[in-house]
Amino acid sequence: MIFPIAHGRGGEDGSVQGLFELASVPYVGSGVLSSALQMDKDLAKQILKSAGLPVLPWVTVRCEELFERGEGKWAEEIIEELRLPVFVKPANSGSSIGISKADDLASLAASLKEAARFDDKVIVERAVDAREIEIAILGNESCRASVPGEIIPKVEFYDYQAKYQDESTELIIPAEIPDSITEKLQDIAVRAAKALAARGMTRVDFLIE
């Protein structure tokens, strides 16, 4: 029985899950399609939105279109649609690699170019001043949600260094939020996991304004 706990491409995007399927090796967690969908931030957001779940407004840019029209032109259109500040992310990446925050036209254009180094599709999301809450899900068709935990980084946002190197990042479990909000988040977490066909073990992240 394999516990695939590797992050990023090859580990959580359905690739290694497909290898296990071909080799008839049992493994824990979501299958090929679900893993691929969860890894792709653009497709995952589309599915969650169609399921009636709350997602931040976003714009998706394919890198070939980015290079054809230029980062500056795209940055102008994104600002008009989403306003500033925004976060720019490779659609298929993890651990905050390639992610940056943009506060003006020049930094947005640079962020688009940087994110495009890591994937052929980039998403831009409206930035919100929010608390970062996580909930774990265990189970398959019948699943249960954990108590919420809160992440409090000491930097502007929860970047790679804050996740893996900065010991000042605080993890508070359970998060200090009202019971009514906890119940609402647990319900949304379960619905999100089911919408993306997640299995076994899942983590659902929230930004709470």
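All values derive from a computational prediction rather than experimental measurement.

Undergrad: What is the right way to look at the packing of aromatic side chains in this model?
TA: The way to describe two aromatic rings as a pair is by their centre distance and the angle between their planes. A complete count under the given rule lists one aromatic pair for this structure. Their ring planes at 45° and their centres at 5.5 Å tell us that Phe 20 and Tyr 27 sit as a pair that is tilted. Take Phe 20: its relative accessible area is 12%, and that puts it in the buried class. The ring centre of Trp 74 lies 4.8 Å from the NZ or CZ of Arg 69, which sits over that ring.

Undergrad: What is the right way to read a nonpolar patch on the surface from this model?
TA: A cluster of nonpolar side chains, Met 1, Phe 3, Ile 5, Leu 138 and Met 201, forms an exposed patch at the surface whose accessible area comes to about 610 Å². Tracing the sequence through the fold places Met 201 in strand β9 (residues 200-208).

Undergrad: Looking at this structure, I do not really get unusual backbone geometry. What am I missing?
TA: As a rule of thumb, non-glycine residues mostly have phi less than zero, and peptide bonds are mostly trans rather than cis. The omega torsion of the bond from Leu 84 to Pro 85 falls at 0°, within 30 degrees of zero and hence cis. Here Pro 85 shows up in the loop between α5 (71-82) and β2 (86-90). A cis geometry characterises the amide bond from Ile 173 onward to Pro 174, with omega recorded as -5°. Take Pro 174: it is sitting in the loop between β8 (170-172) and α8 (179-195).

Undergrad: Help me understand the pattern of salt bridges in this model?
TA: Where side chains of opposite charge bring their charged atoms close, a pairing between them can arise. Following the criterion strictly, the structure yields 12 salt bridges and no others. A salt bridge links Arg 199 to Glu 141, with the nearest nitrogen and oxygen atoms 3.0 Å apart. Note that Arg 199 is positioned in the loop between α8 and β9 and Glu 141 in the loop between β5 (131-139) and β6 (143-145), a separation of 58 residues in sequence. A residue is classified by how much of its surface remains accessible, and Arg 199, at 34% relative accessible area, is partly exposed. Residue Glu 141 is classed as exposed on the basis of its relative accessible area, which comes to 59%.

Undergrad: Looking at this structure, I do not really get the sheet that holds β2. What am I missing?
TA: Adjacent strands of a sheet form backbone hydrogen bonds with each other and so pair up, either parallel or antiparallel. Reading across from one edge, β1-β4-β2-β3 is the order of the four strands in this open sheet, with antiparallel pairing throughout. Of all the strands in the sheet, the pair left with one neighbour each is β1 (58-62) and β3 (100-102). The average angle at which neighbouring strand axes cross in this sheet is 25°, direction not considered. The sheet contact formed by β2 and strand β4 (residues 121-126) spans five bridges and is antiparallel.

Undergrad: Help me out: how do you make sense of the nonpolar core in this one?
TA: Where a protein is soluble and globular, its nonpolar side chains tend to be buried together. Ile 135, Ile 137, Leu 185, Ala 189, Val 204 and Phe 206 are the most contacted members of the largest nonpolar core, which has 20 residues in total. Among the elements of the structure, α3 (41-50), β5, α8 and β9 are those that each provide at least two residues to this core. When residues in this core are grouped by element, the largest group, six residues, is from α8. Dropping the residues within four chain positions of it, Val 204 is found in contact with Ile 133, Glu 134, Ile 135, Ile 137, Ala 189 and Ala 192. Residues Ala 75, Ile 78, Val 88 and Ala 102 belong to the second largest nonpolar core, which totals 18 residues.

Undergrad: I keep staring at a negative patch on the surface and nothing clicks. Help me out?
TA: On the surface, a cluster of negative charge is contributed by Glu 64, Glu 65, Glu 68 and Asp 120. Locating Asp 120 in the fold gives a position in the loop between α6 (105-115) and β4.

Undergrad: Can you walk me through the packing of α5 against α6 in this structure?
TA: Helix-helix packing is characterised by the crossing angle of the two axes and by the distance between the axes. Where α5 meets α6, the axes come as close as 9 Å, and the angle between the chain directions of the two elements is 115°. Judged by the twist between their axes, the crossing of α5 over α6 is right-handed. Across from Glu 71, Gly 72, Trp 74, Ala 75, Glu 76, Ile 78 and Ile 79 in α5, the residues of α6 making contact are Leu 105, Leu 108, Ala 109, Leu 112 and Lys 113. Split by residue class, the contact of α5 with α6 holds eight nonpolar, one polar and three charged.

Undergrad: Which parts of the structure should I look at to understand the pairing of β4?
TA: Every regular strand shows the same layout, with side chains that alternate between the two sheet faces. Most of β4 is tucked away: five of the six residues are buried. Direction of pairing for β1 relative to β4: antiparallel, over a ladder of five bridges. If you follow Val 59 over to β4, its bridge partner there is Val 124.

Thresholds, definitions, all that
- Residues numbered from 1 in each chain as written.
- Predicted model: local features only at pLDDT ≥ 70, side-chain atom pairs only at ≥ 80, totals over all residues.
- Heavy atoms only, no water.
- Phe/Tyr/Trp six-rings, centres within 6.5 Å; stacked < 30°, edge-to-face > 60°.
- Buried < 20%, exposed > 50% of the residue type's maximum accessible area, 1.4 Å probe, protein only.
- Lys NZ or Arg CZ within 6 Å of the ring centre and 35° of its normal.
- Patch = residues over 30% accessible without salt bridge, like charges linked within 9 Å, V, L, I, M, F, W, Y side chains within 5 Å.
- Areas by Shrake-Rupley, 256 points an atom, 1.4 Å probe, with all protein chains shown as cover.
- Salt bridge = Lys/Arg side-chain N within 4 Å of Asp/Glu carboxyl O.
- Helix = DSSP H or I, 4+ residues; strand = E, 2+ residues; numbered from the N terminus.
- Pairing = 2+ DSSP bridges.
- Axes fitted to C-alpha atoms, helices over the stretch in contact; angles between N-to-C directions.
- Core = buried A, V, L, I, M, F, W, Y, C linked by side-chain atoms within 4.5 Å.
- Contact = heavy atoms within 4.5 Å.
- Lys, Arg positive; Asp, Glu negative; His and termini not counted.
- Charge placed at Lys NZ, Arg CZ, Asp CG, Glu CD.
- Left-handed = near helix turned anticlockwise from the far one by under 90°.
- Nonpolar A, V, L, I, M, F, W, Y, C, P; charged D, E, K, R; others polar.

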